[in-house]
Amino acid sequence: MPATRLTTFDDWVDLFRVWQKDIGVAYPEITNYKFEAKFGPTRSNEVEFGAYKGRPKWEKVVQIPDQRMRDALLNLIVYQGDTEFASVEQQRRLFETAPSEHDRQSLCRVVTEEMRHGWQMCHLLMNHFGYSGRVEAQKMLERRAFDQKRLLGAFNQDVNNWLDFFVYTDFVDRDGKYQLTMLSYSGFAPLAQSMIPMLKEESFHLGTGQDGIVKAGVIPLNIIQKYINKWVPVSLDLFGVDRSSSAHWFYVWGLKGRYDEPTATAEVNLERMNEHSRELYRQECVKLVEMINKNVPTGQAKLYVPDVKFNRFIGEHARKPYSVTGEMLSEERYAEHLKEMLPQPGDVALVCEIQSLEKQWISPKGSNQ
Ligand SMILES: [Fe+2]
Ligand SMILES: [Fe+2]
């Protein structure tokens, strides 16, 4: 394990300030924000599921009965925190091209809250996990999304323009909502208590403007579709492998629940934990796209959510040549298909050009244009 130079949480805060400057987001609105850890009430003071169901939730790591459980919990917090800082790194360049003051302010709010979420996870690591927590909290600010060093694929993708941003907040932040919800049932009380304020903030990030883009009708729908095709598969990957043994144990140990844990009536299927929450997420994406489609003029092809097998890098469909409609293609046809279905350099250039030249490429909020 590498040596850590962090001893106290204040040391970590110093490193956080260095990170803000290093990635180029030390704008006054961001640096003046009062970052703090926030804790809300949880639904229950007892472990809600798994082998320890009914016992008091653990307030301290030393109360957790097994080292493997403590390691799994540390991992859950590290992965969650990593996504928070990574998303800021992905969005760091968008300030320069904000379509309006309203959008710039939304972006400021989103990245500031993502930083606070990362802060919250590092607060847990620094205060509850001793030496290994301090090492992880330091490494969290040393990986960079733009060096492809973040822990999960979606968070090493490029966010090149505001179309990326809007589609990202629709689909990747929605995955965030799912992950936070599943952790809000955790048997480790400080983690569960962290999730309530985080979820409140996260709900603002969802769907900050894609309907406005469709309404304005400046960006061709087939390009918007390509961006949906870019971000949905990586979001589906974020739920983890199929037949996951870690998800199985997270549940048995009471550390991470199903998305619909409080209302789920079916018996839990421990072999299919990730598939279960992934499918609920996919259904929500389908509903969202149906809503957005209300703004698609009649006669034009509607937007859609690509098949769950398309362009996956995790799970049983990983690296297999499936089309957006779920058919298996030849390797040759598949290579062409990817070019047709994912944003190409020409599409990225066109979106960047529209964003800088065309004032009306997004309908203002609440307009009926
Ligand atoms: Fe977040
Ligand atoms: Fe978010």
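Computed from a prediction, not measured in an experiment: that's the story for all the values here.

## Topic: the overall build of the chain
So, point 1. A tally of regular secondary structure across the chain gives 13 helices and 0 strands.
So, point 2. Each helix (α) and strand (β) of the chain, taken in turn from the N terminus, gives the series α-α-α-α-α-α-α-α-α-α-α-α-α.
So, point 3. Taking 2.2 N^0.38 as the reference for a compact globule, 369 residues should give roughly 21 Å; the C-alpha atoms of the chain span a radius of gyration of 21 Å, in line with that estimate.
So, point 4. Within the span of the chain, comprising 369 residues, buried residues form 42% of the whole.
So, point 5. A separation threshold of at least 6 residues defines the contact pool for the chain, and within that pool the share at least 24 residues apart is 73%.

## With respect to the environment of histidine 128
So, point 1. Structurally, histidine 128 can be placed in helix 4 (residues 101-128).
So, point 2. Sequence separation between histidine 128 and valine 172 is 44 residues; the distance between their C-alpha atoms is 28 Å.

## Details of the packing of helix 1 (residues 9-23) against helix 4
So, point 1. Viewed as axis vectors pointing N to C, helix 1 and helix 4 meet at an angle of 145 degrees, and their least axial separation amounts to 10 Å. As helix 1 runs across helix 4, the sense of the crossing is right-handed. Packed against helix 1, whose contacting residues are Phe9, Trp12 and Phe16, the element helix 4 presents Trp119, Cys122, His123, Met126 and Asn127 at the interface.
So, point 2. Of the residues belonging to the contact of helix 1 with helix 4, the class tally is 6 nonpolar, 2 polar and no charged.

## Regarding the packing of helix 6 (residues 162-183) against helix 11 (residues 273-292)
The axes of two packed helices give the description: the angle between them and the distance between them.
So, point 1. The N-to-C vectors of helix 6 and helix 11 enclose an angle of 140 degrees; their axes lie 11 Å apart at closest approach. The orientation of helix 6 relative to helix 11 falls into the category oblique. The handedness of the crossing between helix 6 and helix 11 comes out as right-handed. Here Asp170, Phe171, Arg174, Asp175, Tyr178 and Met182 of helix 6 come into contact with helix 11, specifically with Ser277, Tyr281, Glu284, Cys285 and Leu288.
So, point 2. Each residue belonging to the contact of helix 6 with helix 11 can be placed in one class, and the counts come to 6 nonpolar, 1 polar and 4 charged.

## Focus on helix 7 (residues 189-205)
So, point 1. Between its terminal C-alpha atoms helix 7 stretches 25 Å, which fits the 24 Å expected from 17 residues at 1.5 Å a residue.
So, point 2. Every buried residue belonging to helix 7 is among Pro190, Leu191, Ala192, Gln193, Ser194, Met195, Met198, Glu202 and His205, and all of these are buried.
So, point 3. Contact partners of the buried residues in helix 7: helix 3 (67-91), helix 4 and helix 6.

## Some remarks on the nonpolar core
A general trend in soluble globular proteins is that nonpolar side chains are found buried together.
So, point 1. Formed by 77 residues in total, the largest nonpolar core has its most connected members in Ile77, Cys122, Leu125, Leu163, Val167, Ile224 and Trp231.
So, point 2. Looking at which element gives the most residues to this core, the answer is helix 6, with 11 residues.
So, point 3. Excluding residues that lie within four positions of it along the chain, leucine 125 makes contacts with Ile77, Gly133, Glu136 and Ala137.

So, how was this worked out
- Residues numbered from 1 in each chain as written.
- Chains lettered and ligands numbered in written order.
- Predicted model: local features only at pLDDT ≥ 70, side-chain atom pairs only at ≥ 80, totals over all residues.
- Helix = DSSP H or I, 4+ residues; strand = E, 2+ residues; numbered from the N terminus.
- Rg over C-alpha atoms; globule rule 2.2 N^0.38 Å.
- Buried ≥ 20, exposed ≤ 12 C-beta atoms within 10 Å, placed from the backbone.
- Contact = placed C-beta atoms within 7 Å.
- Axes fitted to C-alpha atoms, helices over the stretch in contact; angles between N-to-C directions.
- Left-handed = near helix turned anticlockwise from the far one by under 90°.
- Nonpolar A, V, L, I, M, F, W, Y, C, P; charged D, E, K, R; others polar.
- Parallel < 35°, antiparallel > 145°, perpendicular 65-115°, else oblique.
- Expected span 1.5 Å × (residues − 1).
- Core = buried A, V, L, I, M, F, W, Y, C linked by C-beta atoms within 7 Å.

Purely spatial values, then, with no claim about function.
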